[in-house]
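Below are the chains, spelled out letter by letter.
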Amino acid sequence: MKSDKKNDKSKLQNSVCSKKEVNESNGKLTLAELRKCEGFADVSDADGEEIIESLYKLSLIAFNYKVTK
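Predicted, not measured: the structure shown is a model, and the values here were computed from it. (Residues numbered from 1 in each chain as written. Predicted model: local features only at pLDDT ≥ 70, side-chain atom pairs only at ≥ 80, totals over all residues. Heavy atoms only, no water.)

K.L.:
Please clarify how the overall build of the chain should be interpreted in this entry.
P.N.:
Scanning the chain from terminus to terminus reveals 3 helices and 0 strands. From first element to last, N terminus to C terminus, the chain shows the α and β order α-α-α. Evaluated residue by residue, the chain yields a buried proportion of 22% over its 69 residues. If you take every contact in the chain between residues at least 6 apart in sequence, the share linking residues at least 24 apart comes to 16%. Carbon and sulfur atoms make up 55% of the accessible area of the chain, which totals about 5,600 Å². (Helix = DSSP H or I, 4+ residues; strand = E, 2+ residues; numbered from the N terminus. Buried < 20%, exposed > 50% of the residue type's maximum accessible area, 1.4 Å probe, protein only. Contact = heavy atoms within 4.5 Å. Areas by Shrake-Rupley, 256 points an atom, 1.4 Å probe, with all protein chains shown as cover.)

K.L.:
It is not clear to me how the nonpolar core should be interpreted in this structure. Could you clarify?
P.N.:
Side chains of a nonpolar character, in soluble globular proteins, are inclined to be buried together. Leu 29, Leu 31, Leu 34, Val 43 and Ile 52 form the largest nonpolar core, which has 5 residues in total. Ignoring any residue separated from it by four or fewer positions in sequence, one finds Leu 31 in contact with Asp 45, Gly 48, Glu 49 and Ile 52. (Core = buried A, V, L, I, M, F, W, Y, C linked by side-chain atoms within 4.5 Å.)

Spelled out as C-alpha cells, the structure:
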C-alpha cells in the first residue's frame, strides 16, 4: 500500500484529538493543541511538555517498528 507521508504524519495527532491542523515545524503537538484535546484542558505546562515528548517518542518507536517489518 502506498502512503501519503504528509497524511501519515497527522494520523496520530488526528486520532489523539479532533484538531485538523498539524504543527509542521517538527510534527509535535503544541501545548495549545494538547489542551484542546478531551481530558487535557487543565494540564500544567510541565506535564503537557512531558506528555507531548512521550507521545512523540512513542510515535517514533511505532514508526521505526513499522519500517523495519
